[in-house]
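# Chain and residue survey
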Amino acid sequence: MTTTLKKLASWLLVPLLLAVIGTLVTVYFVSNPTDGIVARQLQYPKVLAYLVRHVFLVILSSLLAILTAVPAGILLTRKGFRFLAPVIINIVNIGQTIPSIAILALFMSILGLGVRTAVFALWLYSLLPILRNTYTGIQGVNPGIIEAARGMGMPPQRVLWRIEFPLALRVIMAGIRTAVVINVGTATLSTFIGAGGLGDLIITGLSLSRITITLTGGILAALLAILADYFIGQVEIHLLAE
Amino acid sequence: MIKLEHVTKVYKKSEGPAVADLNLHIGKGEVCVLVGPSGCGKTTTMKMINRLIEPTSGTIFVDGQNIMDVNPIELRRNIGYVIQEIGLFPHMTIAENIATVPLEKKWPRDKIRARVDELLQLVGLDPNIYRQRKPRDLSGGQRQRVGVARAMAADPPVLLMDEPFGALDPINRGKLQNEFLRIQKKIQKTIVFVTHDIDEAIKMGTKIAIMRQGKLVQYDTPENILNAPASNFVINLIGGNRTIKQLNLIRVGEMMKEAPPVVELSAPTVKARELLAARGKDLLFAVEKDGRLAGYLSPQNAREEGQVADVMQEIPNSITPDATLNDALSEMLAFGKGFVCVVDEGGKPVGLVTLGTLMKAVGGNDNNS
Ligand SMILES: Nc1ncnc2c1ncn2[C@@H]1O[C@H](COP(=O)(O)OP(=O)(O)O)[C@@H](O)[C@H]1O
Ligand SMILES: [Mg+2]
């Protein structure tokens, strides 16, 4: 009983700390506006709305990326598709070298402005780390272990889910973690295609030369990235628990 | 039980065949050891039996059935498979590892649990300690024991073992070999055993199949191979001293002499003197209260006054009846005495092997006993 409480408390410590810092920063900047312009831009409901939109963009695009890249990565390790792996990984690799802002611009011209384009671009940008880690994670499983499983009469599907996937999970989770953390940063660019998020605060502050507005958006985005990293790290620890 | 007829395997992109026109009949309950230098096709031959590799031509029968007519998944579930150390699933407990095939066969949970415990006991691991451990918590020898237990989980009539003890140090390897032979005596499986170690082959095999470059060069009992090697290749493979190698074929239990009289540790040495005189022996075993061997006494030791415990000499190591005479010889050399004590699994003395025993076994003069 007390140990579970303790566990919960220690688990919540980091998120709480991050939330407190975020709240303090926001409260400080909102209640101490340097002038009327800042006062108009920095209001609690507005800041909250930017934050919520940001989180929404990140979660939706990341979930979509996990749901597509993990199965795709697994598929690339299967017999009939293995020959495709180098080609696909290379294409996605090249995609990753294109600056994220260019991707946004590119798809804006195709899909127009708005949330849909932002989610699509973020999804595309998160694919690579997850796809690559899923592929290398499963490829990296000791072939002797797989052969032992096959040799004992485990059908291929079961070998995948009982042996290969659990053994690759650590690497796959690392890919997801990278993707989501990058995603939190990239999502600030959504402002350029009118999809909102904390980027709005950053850009508004910059264009109005009001540093506190930019700082509010920037600090909240940074805290969000740390929180995401921590959270996925915890999921990882639980999934891989002995 | 297993029949290979004109089996050939040519790998893609390789010049010669890995296995060439191989014919092999393995009887029920036999241990057939495939032996030969690295790359001669042992593993390939073995993997064709459970269809991990499909032969290019030829036919294989297991229990009278052409294996190409059997679903490979079904086939493999009825053939135990042990490979070198790497084969255990690192993310599963020992119990889960052993339960692999029973789980695939959808046995009820209770039956699986009971079977896991039974097997752990069979291979000499306490279920209460090891059930929930992970493979990385085990020593090499223990992992190999688990590997064997896992292969036997669903009681398959056939076992395939690819260098199962290859990664172990010589002492542990010897121990596991002996244990495995003891188990095999009980379970009487048909076994295909791959090794590149001719001594292991001589020790483990009812029949030895010597391979060279994908071909079978001699297939016979260890005795016949030692006595009548078919070619220079076989002679070279056997190497060393063939007489000494024959010691590998004989179990201590078959040749050992009766154990000397025993005396308890707490007894006075006068009792030891009486025993020595009465039986006309020159050796006594000192035992604990529960009968376990503790040491030995020579007549000189017994001459001193006091308790047996004070004057006896320690025995650093003893062997079990299922060890080979070759093991006995090694122990004697290590121990530096002309004898080695034989104890049962509980550590109680059951016999004695002397140099004379060894001489008799290899047909030399027996003037030592
Ligand atoms: N998957 C493979 N592809 C091509 N050649 C192989 C393959 N596996 C084994 N070989 C070749 O076949 C021959 C026999 O190999 P193997 O059966 O593993 O020998 P052993 O077990 O006796 O060491 C070797 O020359 C080896 O290089
Ligand atoms: Mg081999």
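Residues numbered from 1 in each chain as written. Chains lettered and ligands numbered in written order. Predicted model: local features only at pLDDT ≥ 70, side-chain atom pairs only at ≥ 80, totals over all residues. Heavy atoms only, no water.

All names here are of chain B. The domain boundaries assigned to chain B delineate domain 1 (2-246) and domain 2 (253-362). Just the C-alpha atoms count here: the centres of domain 1 and domain 2 sit 37 Å apart. Between domain 1 and domain 2, the contact holds five residues from the first and seven residues from the second. Buried surface at the junction of domain 1 and domain 2, both sides included, amounts to about 560 Å², of which 54% is carbon and sulfur. (Domains from an automatic or database assignment. Contact = heavy atoms within 4.5 Å. Buried area = accessible area lost by both parts, 1.4 Å probe.)

Residue and element names in this part refer to chain A. Within the secondary structure layout, Ala187 lies in the loop between helix H8 (156-186) and helix H9 (198-207). We classify Ala187 as buried; its relative accessible area is 0%. In this structure the C-alpha to C-alpha distance between Ala187 and Ala221, which are 34 residues apart in sequence, comes to 9.1 Å. Sequence-distant contacts of Ala187, that is, excluding residues within four places in its chain, are made with His54, Val58, Leu122 and Gly196. (Helix = DSSP H or I, 4+ residues; strand = E, 2+ residues; numbered from the N terminus. Buried < 20%, exposed > 50% of the residue type's maximum accessible area, 1.4 Å probe, protein only.)

Let us look at the side chain of Lys189(B). All names here are of chain B. Of note, Lys189 is situated in the loop between helix H8 (170-187) and strand E8 (190-195). The exposure class assigned to Lys189 is buried, which follows from its relative accessible area of 6%. A distance of 2.5 Å separates a polar atom in the side chain of Lys189 from a polar atom in the side chain of Asp155. Sequence-distant contacts of Lys189, defined by excluding residues within four places in its chain, comprise Gly29, Glu30, Asp155, Pro156, Pro157, Leu159 and Gln184. (Polar contact = N/O pair within 3.5 Å; in protein donor to acceptor, adjacent residues only side chain to side chain.)

Turning to the packing of aromatic side chains, a few remarks are in order. Per the counting criterion, the structure on display carries eleven aromatic pairs over all chains. Ring geometry for Phe107(A) versus Phe120(A): centroids 4.8 Å apart, planes at 70 degrees, classification edge-to-face. Of this pair, Phe107(A) sits in helix H5 (residues 100-111) while Phe120(A) sits in helix H6 (residues 115-139), placing them 13 residues apart in sequence. We classify Phe120(A) as partly exposed; its relative accessible area is 29%. With centroids separated by 6.3 Å and ring planes inclined at 85 degrees, the aromatic side chains of Tyr296(B) and Phe335(B) adopt a geometry described as edge-to-face. Remark: Phe335(B) occurs in helix H17 (residues 325-335) and Tyr296(B) occurs in strand E14 (residues 293-297); sequence separation between them is 39 residues. Across the pair, exposure class does not vary: Tyr296(B) and Phe335(B) are buried alike. Following the ring pairs from residue to residue traces out a cluster consisting of Trp11(A), Tyr230(A) and Phe231(A). Against the face of Phe61(B) rests Lys3(B), its NZ or CZ located 5.6 Å from the ring centre. (Phe/Tyr/Trp six-rings, centres within 6.5 Å; stacked < 30°, edge-to-face > 60°. Lys NZ or Arg CZ within 6 Å of the ring centre and 35° of its normal.)

Every α-helix winds through 3.6 residues per turn, so residues three or four apart in the chain are directed the same way. Residues and elements named next belong to chain A. Relative to the 18 Å expected for 13 residues at 1.5 Å per residue, helix H4 (residues 85-97) spans 18 Å between its end C-alpha atoms, a close match to the ideal helical length. Buried residues of H4: Ala85, Ile89 and Val92, and no others. Along the axis of H4, the buried residues cluster in a sector spanning 65 degrees; they form a single face. Pointing more than 90 degrees away from the buried face of H4 are the exposed residues Ile91, Ile94 and Thr97. Where H4 is buried, its residues touch helix H3 (44-77) and H6. (Expected span 1.5 Å × (residues − 1). Arc of directions from axis to C-beta.)

All right, on to the packing of H9(A) against helix H10 (residues 211-239) of chain A then. All names here are of chain A. It is at 7 Å that the axes of H9 and H10 come closest, and there the two elements cross at 150 degrees. It follows from the interaxial angle that H9 and H10 lie roughly antiparallel. The hand of the H9/H10 crossing is left-handed. Contacts from Leu198, Leu201, Ile202, Thr204, Gly205 and Leu206 of H9 reach H10 at Ile213, Thr214, Thr216, Gly217, Gly218, Leu220, Ala221 and Leu224. Class assignment of the residues belonging to the contact of H9 with H10 gives a composition of eight nonpolar, six polar and no charged. (Axes fitted to C-alpha atoms, helices over the stretch in contact; angles between N-to-C directions. Parallel < 35°, antiparallel > 145°, perpendicular 65-115°, else oblique. Left-handed = near helix turned anticlockwise from the far one by under 90°. Nonpolar A, V, L, I, M, F, W, Y, C, P; charged D, E, K, R; others polar.)

The next thing to look at is helix H1 (residues 2-31) of chain A. Residues and elements named next belong to chain A. The principal kink in H1, of about 40 degrees, is found at Leu13, preceding the proline Pro15 by one to four residues. For H1, the set of buried residues is Pro15, Leu18, Gly22, Val25, Thr26, Phe29 and Val30. Buried residues along H1 sit in contact with H3 and H10. (Bend = angle between axes of the 7 residues up to and from the residue.)

With that settled, consider the nonpolar core. Counting 103 residues, the largest nonpolar core has Phe89(B), Ile98(B) and Val353(B) as its most contacted members. Looking at which domains feed residues into this core, each of domain 1 (2-246) and domain 2 (253-362) of chain B gives three or more. Apart from residues no more than four positions distant in its own chain, Phe89(B) is found in contact with Ile145(A), Ala148(A), Ala149(A), Met152(A), Met154(A), Ile163(A), Asn97(B), Thr100(B), Pro135(B) and Arg150(B). Core analysis: the second largest hydrophobic core is formed by 56 residues, Leu42(A), Leu104(A), Leu201(A) and Ala221(A) among them. (Core = buried A, V, L, I, M, F, W, Y, C linked by side-chain atoms within 4.5 Å.)

Our next topic: the sheet that holds strand E5 (residues 65-66) of chain B. Residue and element names in this part refer to chain B. Pairing is antiparallel across the open sheet formed by four strands, whose spatial order is E2-E1-E4-E5. One side of each edge strand has no neighbouring strand; the edge strands of this open sheet are strand E2 (19-26) and E5. Both strand E1 (residues 2-9) and strand E4 (residues 57-62) contribute to a ladder of five bridges, which runs antiparallel. Residue pairing for E4: Ile2 is matched across the bridge by Val62. Those strands touched by helix H1 (residues 42-49) are E1, E2 and E4, and its axis lies near 120 degrees from that of E1. (Pairing = 2+ DSSP bridges.)

Residues and elements named next belong to chain B. For chain B, per-residue confidence averages 90 on the pLDDT scale, and residues scoring 70 or more make up 98% of the total. Low pLDDT, under 50, characterises residues 365-369; the predicted model gives this stretch six contacts beyond four residues in sequence or across chains. In the predicted complex, the global pTM is 0.81; the interface-specific ipTM is 0.82. (pLDDT = per-residue confidence, 0-100.)

With that out of the way, let us pick up the interface of chain A and chain B. Tallying the contact residues gives 19 residues for chain A and 23 residues for chain B. A combined buried area of about 1800 Å² lies between chain A and chain B, and 60% of that area is made up of carbon and sulfur atoms. Of all residues in chain A, Glu147(A), Met152(A) and Arg162(A) bury the most surface against chain B, accounting for 33% of the area lost on that side. On inspection of chain A and its partner chain B, the count reaches two salt bridges. Residues Arg158(A) and Glu104(B) are paired through a salt bridge, measuring 2.8 Å at the closest nitrogen-oxygen approach. Scanning the region where chain A abuts chain B turns up six residue pairs in polar contact (both at pLDDT 80 or more). (Salt bridge = Lys/Arg side-chain N within 4 Å of Asp/Glu carboxyl O.)

All names here are of chain B. Close to ligand 1 lie Tyr11, Ala18, Ser38, Gly39, Cys40, Gly41, Lys42, Thr43 and Thr44. Interatomic distance of 3.3 Å between a side-chain N/O atom of Tyr11 and a nitrogen atom of ligand 1. Between ligand 1 and Gly39, the relevant distance is 2.7 Å, taken from an oxygen atom to a main-chain nitrogen or oxygen of the residue. Surface burial for ligand 1 is 55%, taken as the share of its 560 Å² of free accessible area covered by protein chains. Grouping the amino acids of the shell around ligand 1 by side-chain chemistry returns three nonpolar, five polar and one charged. (Near = heavy atom within 4 Å. Areas by Shrake-Rupley, 256 points an atom, 1.4 Å probe, with all protein chains shown as cover.)

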